[in-house]
Each structure stands twice: as C-alpha cells, then as structure tokens.
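Tertiary structure, described
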Amino acid sequence: MNILLVDDQPSVLSSLKSGLNWSALLVHNVYTALNASEAREIILSHPIDILLTDIEMPKESGLSLLRWCRENHYQFECIFLTSHADFFYAQEAIQLESFDYILQPARYEDIESAIKRSIKRIQKKEQQQTWLNFGKAALPQKNALLKGLLNDWFMGKETDLDQVLHFLQEMKIPVSAGSDVYLLWVQIQQWHSFPVAFEEWRQSTEEIFRDFFSPFQHQILSYFPDKTSIGILIYSLENKLMDADVYYARLNMIYSRITRQFSCSCAFYTRPSFQVSELSRTAAALQEERKNNICQSSGIFFSDSASVPQTITYCEPELLSQFEMYLSGNQAGKAEQEALLYLQSLNINNKLNHDTLVEFCKNYYHCAYSAARKLELPAHSLPAFEDVAGISSAVTLESAAAYLKKITSFFVSACSETETSDNSLAIIEKYIRENLDSPLQCAQIAKAVYLSPDYISRLFHKEKGMPLKEYITLTKMKAAKNLLITTSLPVSLIAAKVGYDNFSHFSKVYKKVMGTTPSSERNA
C-alpha cells in the first residue's frame, strides 16, 4: 500500500510519518506534500492507494485537491483531517466519496484505525473485481477458479460470505447462507503402490463421490489444494439434506472404494450437517482435527462435538539438558533414541498433539545448536526446524522422527570429520619424524600422505596453533637437543641428521628456538 500525507504544517507531517506504525499497517511507501500542488505532482508520478489530507490549506484546500483527483479518475480512498467540525466540509467530503473525516487533535490509534478500515475497503474492492472477472471466465476453467476462491473458505479462514455466495450463484451452484450442507476433508496418508497421477486422481475421486451422492439428488463442490488433499462440500438440489446415518453409510462405501481403487490409506474428516453460514468455522475445526492426527491414522473421523483447545505439553528442562549432554558427548544416537521414547510416552498418554510436537522439535533443535557450539562444530549447518515444518502446516510423528534422524546424522558426520582430522594429523606427524633429515616442504608432505597442501596448513593452524613450517622447525630442534644430550655425535653430524647442511645456519636456528647454542646445550 502507498499513502500520501498532505498538510501545510511540516511538524504535522513529521509527526504522522514517525508516529504511526506503518509496517503494521502494511503500508510500504509514505509520501508527503506541503500543499495541493506538490500533492498533484506526486499523484501523477506515483501509484497512490490512500490520500490522508488536511482540508484547510493556503491557496488550495484538500477538498479542491480531492475534486481534481475525482475529475481525473483517481479512485483511491481519501481520509480528511481537519480542526473544524464544519457541516458543509463534511457534506462536500461525502459527495466526493471520501472514506473518513477525522477531527483534530486525533489520537494515533484513531488515525491508524481509519487507515486499517480504508485498506480493508480497498482489498474488498479488489476482491470484488477479481470475482467479477471470475464470473466472466469460461466454465471449463471452473476448478482452477474455484481453487482460488475457495481456499480461505475451505481452510477455515475468514472470508466474505456474501461475495462467495454471489460467485457460486454465477457458477450455477445453488447454495445460500441458510442451506444445510456436509463438509468432508479427505487426506491421503500413504500410497501403497506408485502414486496415481494427480489429474487421474482428481477426476476419478470426483466421479466416485458423484456416483454415490447423485442418486439422492445431492451434488458436490470439490477443492483440491494439493495432490493428496480434497475438500468436498455436499449439498442437496432439493433443499433436503440426507440424514446423518445415510451420509455416514455413503462415506463408508466411498472410503472402501477409494482405498481399494487407488491402493492407498487415507483419512476422512467430517462433522454433522450445518448451514453454509457456518462453513468457515466448521472447516477450521476439521483442519484442526486433521493437523492433530500426528500419527497419520487412517479411517473416518466423524466428530459431533466442538473442538477442544489443545494443551501444549512442554518437555522438562532436565530432559532437554540430558539430550544436549548426549549430543555434545558423541552420543547423538542415544539422544535420538531417548527423544523418540519420550514422544511415544506422550502419545500413549494422549498428551501428544500437533502443537506439543512442534514445540518439542524446536526445543530439540536448540539443544542440538548448543551442543554443536560446545563441540566447535558448524552449528549454522544444522538441519533447520523448517525442514520438518515444511510439509504444509502439519507436522507428524513420522516427519518429527525423520527430523531427529537428520540431527543425529549431522553430529555423526561432524564427529567423523573430527576423527578424520585426528588420523590425518597423526599420519603427518609420523612422516615428519621419519624424515627429519630432509627439507620437509608442505608440498612434499602433502604428496607423500595424499592430502592437499591447503588442508595440511589449515589443520596445523587449528590443531597445533602454529604454521606447519614452525612445527617442523620445532620438531627438528627437539630431535637435535635429544641427540646433543644423549650421544657424543659431532654437532655437524647432528645438524645433518635434522636436515641442515650448513652448520652455521643450524646453530642460529637452534639458538632462536631453544634459547641456547648447540655447544652450550651439550656442555650444560
């Protein structure tokens, strides 16, 4: 949304621009003008959705500005701010189709409320235009159009019932706010063979439902949000809906037909009949039941009671600390096993629902993150919680278990890399000790132990806290010291044994590293 503020007082503009919570209002751009002339320039060069303007301004009033806008076919919403409760001002504002008229001084809350209502009006107009376009579309595109229209309705979200019903009438679907209907949600839980192609699945499923309900003069309105879910509204052409017993018997036959024909397991969620005016509320209840089927149980779930708010069971801090201890102690498999046992115990005691499972996965991620930091592992590479939450809005026990396994794999892999580093370091150190009489360059060592020079350099910086060259020199000097103290070999021969042909250079390096000369070391 873009809004234009017009007032001849800079302090008022500054106050409005900084005092209102534009981000919460979903306003992206706020333009300001000190007079009607500046406002016209902005209107001509930028798309404006809402005009918030003072009425009394020098040279030209806000009413005159709005009149110019209407004459030039600008139909954005207008809210007037004024310090004068003048009837004639209000009358003209109404004639110019302004949205609201606010007397100053006004609280920020009042102005924000007017803007919110204005935005809702804009959105409603856009929706009406969309539905008008839908009504003109060709009938073969009916399902695609209905998918966009019915999304909020079938998913239990707030929607404009009058507009939906108007569109349904345009589509020759004879339902009204008082019509009795059944709502059914079908969810494929698992394919037992190759998944059926979506178009075949859609057409066959609609045909099955029509075959079972059309003999009773009932029709269906179907909505397919994805390739494994279906929302179905069942209504009567004779305004006499079938009894619940007959409806339930039909569902049992349809359930048997679908599971056999498509070789799948599925869940049917439904409720007793209700009026269309209650569809959003009923749909929300079905979505909640669907969401809380975290074990992906199959069958027909026919509930005739109101949804009970789900209580979240939080994992005890002591148990979370235990998970973290296992993860940081190279026992990720043990942590995963204990976590699964905990979830299974909640499920057995009927304490495991969707929200509880979501909270547990979040807490387990935080345990893993903390453990990874302790082990100096790349915690930012941990599998994110969104990996398990990405399947629509439903987290199941199966997807949570898969997520725990991903966390385990991360720690097992990371610890394996650490063990690999330790093994590589031991191999390199052994090679250096066995080849002290050679120059020992990094490239030579890398070739001998089949590792890259860059990896070896990084490894010594990380594990030894010093460059490889410095480590080699220190190792050579320690070996030389041992020979000086324990043997009577000439110093020049000892220098050669640690890879120094130049006696003078060896002496300088030895004194720099060990703090004394080779001769003084021997005579000490």
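Residues numbered from 1 in each chain as written. Predicted model: local features only at pLDDT ≥ 70, side-chain atom pairs only at ≥ 80, totals over all residues. Heavy atoms only, no water.

**So, the overall build of the protein chain**
What the protein chain contains, in helices and strands, is 21 helices and 11 strands. Across the protein chain, the fraction of contacts at a sequence separation of at least 24, relative to all contacts at a separation of at least 6, is 67%. (Helix = DSSP H or I, 4+ residues; strand = E, 2+ residues; numbered from the N terminus. Contact = heavy atoms within 4.5 Å.)

**Things to note about the packing of helix α18 (residues 468-486) against helix α20 (residues 503-514)**
One can describe the packing of α18 onto α20 by two numbers: an axis separation of 10 Å at closest approach and a directional angle of 100°. In this view, α18 runs roughly perpendicular relative to α20, as classed from their interaxial angle. When α18 is examined against α20, the residues T473, L474, M477, A480, K481 and L484 are found in contact with a partner set consisting of F506, V509, Y510, V513 and M514. Among the residues making up the contact of α18 with α20, the classes are represented as nine nonpolar, one polar and one charged. (Axes fitted to C-alpha atoms, helices over the stretch in contact; angles between N-to-C directions. Parallel < 35°, antiparallel > 145°, perpendicular 65-115°, else oblique. Nonpolar A, V, L, I, M, F, W, Y, C, P; charged D, E, K, R; others polar.)

**Observations regarding unusual backbone geometry**
Even without a glycine there, the phi angle at S263 is positive, about 50°. Locating S263 in the fold gives a position in the loop between α9 (244-262) and β9 (264-270). A relative accessible area of 27% means that S263 is categorised as partly exposed. The backbone of Q296 shows a phi angle near 55°, a positive value even though the residue is not glycine. (Buried < 20%, exposed > 50% of the residue type's maximum accessible area, 1.4 Å probe, protein only.)

**Remarks on the pattern of salt bridges**
A full pass over the atoms with the stated rule returns 14 salt bridges. With a shortest N-O distance of 2.8 Å, R271 and E289 are connected by a salt bridge. Of this pair, R271 sits in the loop between β9 and β10 (274-275) while E289 sits in helix α10 (residues 279-291), and the two are 18 residues apart along the sequence. The class for R271 is buried, based on a relative accessible area of 10%. E434 is the salt-bridge partner of K430, the closest N and O atoms lying 2.7 Å from each other. (Salt bridge = Lys/Arg side-chain N within 4 Å of Asp/Glu carboxyl O.)

**Focus on the side chain of T396**
By the element assignment, T396 lies in the loop between α14 (386-389) and α15 (397-434). Residues within four places of T396 in sequence aside, it is in contact with I294, Q296 and L357.

**Focus: the sheet that holds strand β5 (residues 100-103)**
Hydrogen bonds along the backbone pair up the strands of a sheet, which may run parallel or antiparallel. Taken together, five strands build an open sheet; the order of strands is β2-β1-β3-β4-β5 and the sheet is parallel. Lying at the two open borders of the sheet, with one neighbouring strand each, are β2 (29-33) and β5. Each strand of the sheet is rotated relative to its neighbour by a mean of 15°, with strand direction disregarded. Pairing between strand β1 (residues 2-6) and β2: five bridges, direction parallel. When the bridges of β2 are listed, L5 appears paired with T32. (Pairing = 2+ DSSP bridges.)

**With respect to the packing of aromatic side chains**
The tally for this structure, following the rule as stated, stands at 21 aromatic pairs. Measuring from centroid to centroid gives 6.4 Å for F209 and F268, while their planes differ by 35°, and the two rings are tilted. Taken together, the residues span a long stretch of sequence, with F209 in helix α8 (residues 198-213) and F268 in strand β9 at a distance of 59 residues. Ring-pair connections join several aromatic residues into one group, and the members of that group are Y182, F209, F213, Y247, Y255 and F268. The aromatic ring of W68 is capped on one face by R40, whose charged end is 5.6 Å from the ring centroid. (Phe/Tyr/Trp six-rings, centres within 6.5 Å; stacked < 30°, edge-to-face > 60°. Lys NZ or Arg CZ within 6 Å of the ring centre and 35° of its normal.)

**Quick word on the pairing of strand β6 (residues 180-191)**
Counting buried positions along β6 gives 10 out of 12 residues, so the element sits mostly inside the fold. In this sheet, β10 lies alongside β6 in antiparallel orientation, the contact comprising two bridges. If you follow D180 over to β10, its bridge partner there is Q275. In this structure, β6 lies alongside strand β8 (residues 229-236), joined through seven bridges in antiparallel fashion. Across the sheet, Y182 pairs through a bridge with I234, a residue of β8.

**Things to note about helix α11 (residues 317-328)**
Helix length check: α11, at 12 residues, gives a terminal C-alpha distance of 16 Å against a target of 16 Å (1.5 Å per residue), a fit within 8%. Residues of α11 that are buried include every one of L320, F323, E324, Y326 and L327, and no others. Viewed end-on, α11 has its buried residues packed into an arc of 160°, placing them on one side of the element. Exposed positions of α11 whose direction lies more than 90 degrees from the buried face are E318 and M325. Positive phi shows up at N330, right after α11, with a value of about 60°. (Expected span 1.5 Å × (residues − 1). Arc of directions from axis to C-beta.)

**Some details on the environment of E206**
Mapped onto the fold, E206 is located in helix α8. By relative accessible area, E206 is classed as buried at 9%. For E206 and L221, which are 15 residues apart along the polypeptide, the C-alpha to C-alpha distance reads 9.0 Å.

**Brief notes about α20**
Given 3.6 residues to a turn, an α-helix orients residues that are three or four positions apart in the same direction. Relative to the 16 Å expected for 12 residues at 1.5 Å per residue, α20 spans 16 Å between its end C-alpha atoms, a close match to the ideal helical length. Taken residue by residue, α20 has F506, S507, V509 and Y510 as its buried positions. Where α20 is buried, its residues contact α18, α19 (491-497) and α21 (518-523). Phi for G515, located one or two positions after α20, is positive at around 85°.

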